[in-house]
Amino acid sequence: MAQLIDKSGRLDLKAVLDALVADGRVDAEQAQTLMAVAPHGPKREHPLALIAHHGWPDQLNPSRQLTLDELSRWLAARFQLPFVTIDPLKVDVPAVTSVMSYAYAERFKILAVEARADEVVIATAEPGVDEWRHELERILSKRVTPVVANPEDIGRYLLEFYSLSRSVLGASQEQGRSFGGMQNLEQLMELGRSGKLEANDQHVVNIVDWLLQYAFSQRASDIHLEPRREQGNIRFRIDGVMHQVYQVPATVMAAVTSRIKILGRMDVSEKRRPQDGRLKTRTPLGDEVELRLSTMPTAFGEKLVMRIFDPEVLVKDFSALGFSRDELAHWERLIAAPNGIILVTGPTGSGKTTTLYTTLKSLAQPEVNVCTVEDPIELIEPSFNQMQVQHNIGLDFASGVRTLLRQDPDIIMVGEIRDYETAEMAVQAALTGHLVFSTLHTNDAPTAITRLMEVGIPPYLINATVLGVLGQRLVRTLCPHCKQPGEVDRELWGSLVSPWKAPPPEQVQQPVGCLECRQTGFMGRVGIYEMMPMTSALKRRVHADCDIEELRREAIKEGMKPLRLNGAQKVAAGLTTLEEVIKVAPTHHDG
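Owing to the predicted nature of the structure, the values given are computational and were not obtained by experimental measurement.

Parameters and conventions
- Residues numbered from 1 in each chain as written.
- Predicted model: local features only at pLDDT ≥ 70, side-chain atom pairs only at ≥ 80, totals over all residues.
- Heavy atoms only, no water.
- Phe/Tyr/Trp six-rings, centres within 6.5 Å; stacked < 30°, edge-to-face > 60°.
- Helix = DSSP H or I, 4+ residues; strand = E, 2+ residues; numbered from the N terminus.
- Buried < 20%, exposed > 50% of the residue type's maximum accessible area, 1.4 Å probe, protein only.
- Lys NZ or Arg CZ within 6 Å of the ring centre and 35° of its normal.
- Pairing = 2+ DSSP bridges.
- Axes fitted to C-alpha atoms, helices over the stretch in contact; angles between N-to-C directions.
- Contact = heavy atoms within 4.5 Å.
- 1 Å grid on protein atoms, 1.4 Å probe; cavity = no way out; pocket = protein on both sides within 12 Å on 5 of 7 lines; lining within 4 Å.
- Points joined across faces, edges and corners; volume = space filled by probe spheres on them.
- Arc of directions from axis to C-beta.
- Polar contact = N/O pair within 3.5 Å; in protein donor to acceptor, adjacent residues only side chain to side chain.

**Regarding the packing of aromatic side chains**
Part 1: Counted under the stated rule, the structure contains 10 aromatic pairs.
Part 2: When the ring of Phe323 is compared with that of Trp331, the centres are 6.2 Å apart and the planes differ by 40 degrees; the resulting orientation is tilted.
Part 3: Judged by centre distance (5.9 Å) and plane angle (45 degrees), the ring pair of Tyr357 and Phe384 falls under tilted. Residue Tyr357 is found in helix α15 (residues 352-363), and its partner Phe384 is found in the loop between β13 (370-374) and β14 (385-388); the two are separated by 27 residues along the sequence.
Part 4: You can call Phe384 buried: its relative accessible area is 5%.
Part 5: Taken together, Trp210, Tyr214, Phe236 and Tyr246 form an aromatic cluster joined through their ring pairs.
Part 6: Note that Arg166 overlies the ring of Tyr102, its terminal NZ or CZ placed 5.7 Å from the centroid.
Part 7: Between the NZ or CZ atom of Arg476 and the centre of the ring of Phe522, over which it lies, the distance is 4.1 Å.

The structure is reproduced here in structure tokens:
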């Protein structure tokens, strides 16, 4: 492809534009205009980046833009090389940064993206410059395979990967000096107390900063720091799925954990007892984000989990959470009641707190006193009065509700009903004219009624106070940028909607995978719901010998759409897949 490059082997802007015009991708007039104003010289911008920044439509497909990725793909095809998208979660950073020095990689603007025993895959955006290939093959005694990647990605990850590796190496050496090889718990604790554990060492600070910013950019909901004997694992949960991100030496992991504990105002020297903390930071875009921290002692040291709370959650409306128009109308009718109990059920991580916070936020007017008792407070919200459960001083949910009742509340939110005392206090609050919201860990909405009976609430009190139950799960939503229509798997559809006999849609959307969703085909999550208002017919079924299957059948007869049916509607609407719904929604063999 000599016609695209200049004497030095680098891409020539005019030659690239001419080739794009010849291939029918760029308008000739636009190409001439760009040539007239394009900067020249040694520090010029990469030709593809320069073209991409103009946002021209692709003349072969005018509805699509000539993005830098699209242009890089075109370049790869021109040079008959593979095109790769660099996914940092799939790159073994220590391995690829050990292939060559930063100075060498920066000089040729190349980046190793895969390092195997007999081969190294190296990304470049200047495929005409290849003297490095033979040099590296000679030095490494391995086959070197060049691939083409987006030049901006190469520049960004070149800096990011080498900075991180340098910080981990520096921290490792620092910690090696600090610890002097000592690794047992008592010695570590002494070091922590004596201040020799260099949690404020600049290398460690860099690693923590990178970790948080990286988690925000990857849309992670949780960061897991897991110590092991030799190496500590860093993993992110993204859209409900865990991803391995990085491995660091055990000593560095201990220092990183200490740094985060300092930021979260936790006791750094205490490593034997679980601790909770929270910290606030900002995303690269300047948005404030809150993180909830939790430590747990393990065989190899402290495991730390950071739950990331996105303040955007509270700004979301019900449609963004996944409520249909009908469901929202039912829900608004329920929450408009002056008093009673409304329960939200589902397993951990099914979005119950988000639903409750969004609901309370919509109810928290200046003339309404909203009080909550939570364990722990998940998000600080200025329009609520929030109280934290503290078991060490005897402040549990039941005593918390007792306190709230003396605070002249209109609406009370109890984090979770776990025992008879809490359930009884919630019932008392509802009977004395308050609207009470709470959560229960049950499989579906009807089971919440039998769970209340199991903890000791008599059926007549359930009928007198419970207004309705909302069961929910979270399913991953298809990436809007790359989803494509596909055939309906009728057998799978039948198993999902049986026994409700809902006809299958004409077609469904299927995951594909693109740069936006990191090739997963999914982006974000949405709720699937089953709403069970306590109608008079349902109340007649609530008695001491209540049969859960009978109760469920009656609820469906009264208009409750079970989770699987609600999920099927989301599939028909092109939001998610049958497999996603089947994975999270419970099966019931009843009609």
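There's more to say after this.
**Observations regarding the sheet that holds strand β17 (residues 466-478)**
Part 1: Taken together, the 7 strands give an open sheet; going across it, the order is β14-β13-β15-β16-β12-β17-β20, and neighbouring strands pair in mixed fashion. The open sheet has two edge strands with one neighbour each: β14 and β20 (522-533). The sheet shows a mean angle of 20 degrees between the axes of neighbouring strands, taken without regard to direction.
Part 2: Taken together, the 4 bridges between β13 and strand β15 (residues 411-414) define a ladder with parallel strand orientation. The partner of Cys371 across the bridge, within β15, is Ile412.
Part 3: In the packing of α15 onto the sheet, the strands contacted are β12 (340-345), β13, β14, β15, β16 (435-440), β17 and β20, and the crossing angle to β16 comes to about 170 degrees.

**Structural notes on unusual backbone geometry**
In terms of backbone geometry, most residues other than glycine have negative phi values and most peptide bonds are trans.
Part 1: The omega torsion of the bond from Asp375 to Pro376 falls at -10 degrees, within 30 degrees of zero and hence cis.
Part 2: Looking at where Pro376 falls in the secondary structure, it is placed in the loop between β13 and β14.
Part 3: With a phi close to 50 degrees, Asp239 is a non-glycine residue in the positive phi region.
Part 4: Residue placement: Asp239 occurs in the loop between β7 (231-238) and β8 (241-249).

**Considering helix α18 (residues 445-455)**
Part 1: A large share of α18 lies buried, amounting to 8 of its 11 residues.
Part 2: The complete set of buried residues in α18 reads Ala445, Pro446, Thr447, Ala448, Ile449, Thr450, Leu452 and Met453.
Part 3: Here the buried face of α18 lies against β12, β16, α19 (459-465), β17, β20 and α22 (548-557).

**So, the layout of surface pockets**
Part 1: Size it by volume and the second largest pocket reaches roughly 620 Å³.
Part 2: Along the wall of the second largest pocket there are 19 residues; nearest its centre are Gln275, Asp276, Asp375, Pro376 and Gln388.
Part 3: The greatest single-element share of the lining of the second largest pocket, amounting to 4 residues, is contributed by strand β9 (residues 275-282).

**Focus: the pairing of strand β11 (residues 301-309)**
Part 1: Bridge count for strand β6 (residues 220-226) against β11 is 4 bridges, and the pairing is antiparallel. Its bridge partner being in β11, Leu225 is matched across the sheet by Leu304.
Part 2: Relative to β11, strand β10 (residues 288-298) runs antiparallel, the two being bridged by 9 bridges. Its bridge partner being in β11, Ser294 is matched across the sheet by Val305.
Part 3: As consecutive antiparallel partners, β10 and β11 are separated by 2 residues.

**Let's talk about the environment of Gly286**
Part 1: Structurally, Gly286 is set in the loop between β9 and β10.
Part 2: For the pair formed by Gly286 and Met531, sequence separation is 245 residues and the distance between their alpha carbons is 38 Å.

**Points about helix α14 (residues 325-335)**
Part 1: Among all positions of α14, only Glu327, Trp331, Leu334 and Ile335 are buried. Considered in projection along α14, the buried side chains sweep an arc of 85 degrees and stay on one side of the axis. For α14, the exposed residues set more than 90 degrees away from the buried face come down to Arg325, Asp326 and Arg333.

**Here's the deal with the pairing of β13**
Part 1: Among the 5 residues that make up β13, 5 are buried, leaving the element largely enclosed by the rest of the structure.
Part 2: For β13 and β14, the ladder comprises 4 bridges, and the chain directions are parallel. In the strand pairing of β14, Glu374 is matched with Gln388.

**A word on the side chain of Asp239**
Part 1: Overall, Asp239 belongs to the buried group, its relative accessible area being 13%.
Part 2: In terms of polar contacts, Asp239 uses its side chain to reach the side chain of Arg219, at 3.2 Å.
Part 3: Dropping the residues within four chain positions of it, Asp239 is found in contact with Arg219, Arg476, Phe522, Met523, Gly524 and Arg525.

So yeah, pure geometry; function would need other evidence.
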